[in-house]
Amino acid sequence: EAAVTQSPRNKVTVTGGNVTLSCRQTNSHNYMYWYRQDTGHGLRLIHYSYGAGNLQIGDVPDGYKATRTTQEDFFLLLELASPSQTSLYFCASSDADWGQDTQYFGPGTRLLVL
Amino acid sequence: GDSVTQTEGLVTLTKGLPVMLNCTYQTTYSPFLFWYVQHLNEAPKLLLKSSTDNKRTEHQGFYATLHKSSSSFHLQKSSVQLSDSALYFCALSDLTGGYKVVFGSGTRLLVSP
């Protein structure tokens, strides 16, 4: 089974703080995704990538940057964190396969912005 | 753009009863639909998926049939168990801009003894 890990698992920061969330997948999947999960909104796509150096904008990108440094590693950056970014963040990977492939999710990172 | 609608936010049932969680979608492409399940404090994981019209897909006692005529992919189970309590997401492959997935807002299923 595909393995996706995330760090940190929990993070507390203050408004205006700088936060980096990390994600690593070990199955050589082409696609990686960052989502945020909020009650009543389901999973919303922030950014995604189909390979090292590539970045695609998702549906809720404002206030977020992302970088895919290798096939395995995908980072989400909050450079000026705001309380509205308090959320549960999931990373996922998939092989795409013309839209048929399963997304494998990491365990999530809980972020609290005070 | 592509979208997925789940009308029920919360469904509460007694163990042993049948359940149907609604899912409808909008897309201009040939649809590929998924159901993901998320148990408390866990990550979402795939429950089942389909792109074949009018064919029932089953996994772990759950089943769904894609109906392109009504743009629906409802999730059903004939007899729910306490362990089925979870958050269920319907999702659609969105091929408009690379390979991404659009998720519905989710339906929480609570099963009581």
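What you are looking at is a predicted structure, and each value in this text was computed from that prediction instead of being measured.

A. Quick look at the interface of chain B and chain A. Taken together, the contacts link 22 residues of chain B with 23 residues of chain A. Buried area between chain B and chain A, both sides added, is near 1800 Å², and the carbon and sulfur share of it is 55%. Together, Tyr99(B), Lys100(B) and Phe103(B) form the three largest contributors to the area buried by chain B at its contact with chain A, with a combined 35%. Notably, a salt bridge pairs Lys100(B) with Asp59(A), separated by 3.3 Å at the nearest N-O pair. Put simply, chain B and chain A have four residue pairs in polar contact (both at pLDDT 80 or more) between them. Elements with a minimum of two residues in the side of chain B that touches chain A: strand S5 (33-38), strand S6 (45-50), strand S10 (86-94) and strand S11 (100-103) of chain B. The residue makeup of the side of chain B that touches chain A, split by class, is twelve nonpolar, seven polar and three charged.

B. Region of interest: the sheet that holds strand S7 (residues 56-59) of chain B. Residue and element names in this part refer to chain B. If you trace the four strands from one edge of the open sheet to the other, you get S3-S9-S8-S7, paired in antiparallel fashion. At either margin of the open sheet sits one strand with a lone partner, and together these are strand S3 (19-21) and S7. Here the average twist between neighbouring strands, direction ignored, is 20 degrees. Inspection of the sheet shows S3 paired to strand S9 (residues 75-77) by three bridges, in the antiparallel sense. The partner of methionine 20 across the bridge, within S9, is glutamine 76.

C. Geometry of the nonpolar core. Counting 25 residues, the largest nonpolar core has Trp35(B), Leu47(B), Leu48(B), Phe73(B), Leu75(B), Tyr88(B) and Leu109(B) as its most contacted members. The set of elements that each furnish at least two residues to this core consists of strand S2 (10-14), S3, S5, S6, strand S8 (62-65), S10 and strand S12 (107-112) of chain B. Take this core: its biggest share by element is four residues, from S10(B). Excluding residues that lie within four positions of it along the chain, Leu109(B) makes contacts with Val11(B), Leu13(B), Val19(B), Val80(B), Asp84(B), Ser85(B), Ala86(B) and Tyr88(B). Among the nonpolar cores identified, the runner-up in size contains 19 residues, and Tyr35(A), Phe32(B), Leu87(B) and Ala91(B) belong to it.

D. Summary view of the pattern of salt bridges. All names here are of chain A. Under the definition given, this model contains seven salt bridges over all chains. Note that arginine 36 is salt-bridged to aspartate 38, the shortest N-O span being 2.8 Å. With relative accessibility at 15%, the residue aspartate 38 sits in the buried group. Where arginine 44 meets aspartate 38, a salt bridge forms, and the shortest distance between an N and an O atom there is 2.9 Å. Overlapping salt bridges, with partners in common, bring together Arg36, Asp38 and Arg44 in one network.

E. Here's a closer look at the packing of aromatic side chains. Residues and elements named next belong to chain A. Tallied over the full model, the rule gives 16 aromatic pairs over all chains. Summarising the aromatic geometry, the rings of tyrosine 33 and tyrosine 35 are spaced 6.1 Å apart at their centres and angled 20 degrees between planes, so their arrangement reads as stacked. Assessed through its relative accessible area of 1%, tyrosine 33 is described here as buried. For tyrosine 35, a relative accessible area of 0% gives the class buried. Ring geometry for tyrosine 64 against tyrosine 89: centres 5.9 Å apart, planes inclined by 65 degrees, an arrangement best described as edge-to-face. Here tyrosine 64, found in the loop between strand S6 (56-57) and strand S7 (65-68), pairs with tyrosine 89, found in strand S9 (residues 87-94); they are 25 residues apart in sequence, far enough to count as distant.

About the cut-offs
Going along each chain's sequence as written, the residues are numbered from 1 onward. Chains carry letters and ligands carry numbers; both start at the beginning, A for chains and 1 for ligands, and go up in the order they are written. In view of the model being predicted, local features appear only for residues whose pLDDT reaches at least 70, and side-chain atom pairs are presented and counted only at 80 or more, with totals across whole chains, interfaces and linings using the full set of residues. Water and hydrogen atoms play no part in the side-chain values, which are based on all heavy atoms of the structure. Should any heavy atoms of two residues lie within 4.5 Å, those residues are considered in contact. Accessible surface is computed with a 1.4 Å probe, and the buried area is the amount of it that two parts give up when combined, taken over both parts together. Note on definitions: salt bridges are taken to be side-chain nitrogens of Lys or Arg within 4 Å of carboxyl oxygens of Asp or Glu. Polar contact is the term for a pair of N or O atoms within 3.5 Å; when the atoms are in protein, one must be able to donate a hydrogen and the other to accept it, and sequence-neighboring residues count only if both atoms are side-chain atoms. Strands here mean DSSP runs of E at least two residues long; helices mean DSSP runs of H or I at least four residues long; both are numbered from the N terminus. Residue polarity is assigned by list, with Asp, Glu, Lys and Arg as charged and Ala, Val, Leu, Ile, Met, Phe, Trp, Tyr, Cys and Pro as nonpolar; anything else, Gly included, falls into the polar class. DSSP-based pairing: two strands are paired if at least 2 bridges between them are found. Only the stretch in contact is used when a helix axis is fitted, and all axes are lines through C-alpha atoms; the angle between N-to-C directions ranges over 0 to 180 degrees. Nonpolar cores are built from buried Ala, Val, Leu, Ile, Met, Phe, Trp, Tyr and Cys residues. Side-chain atoms within 4.5 Å join them into one set. Burial classification: accessible surface area is computed with a 1.4 Å probe over protein chains only, and a residue below 20% of its type maximum counts as buried, one above 50% as exposed, and the rest as partly exposed. Only Phe, Tyr and Trp rings take part, Trp by its six-membered ring, and two of them pair if their centres are within 6.5 Å. Stacked means planes under 30 degrees apart, edge-to-face means over 60, and tilted covers everything else.

By themselves, these figures tell us nothing about what the structure is for.
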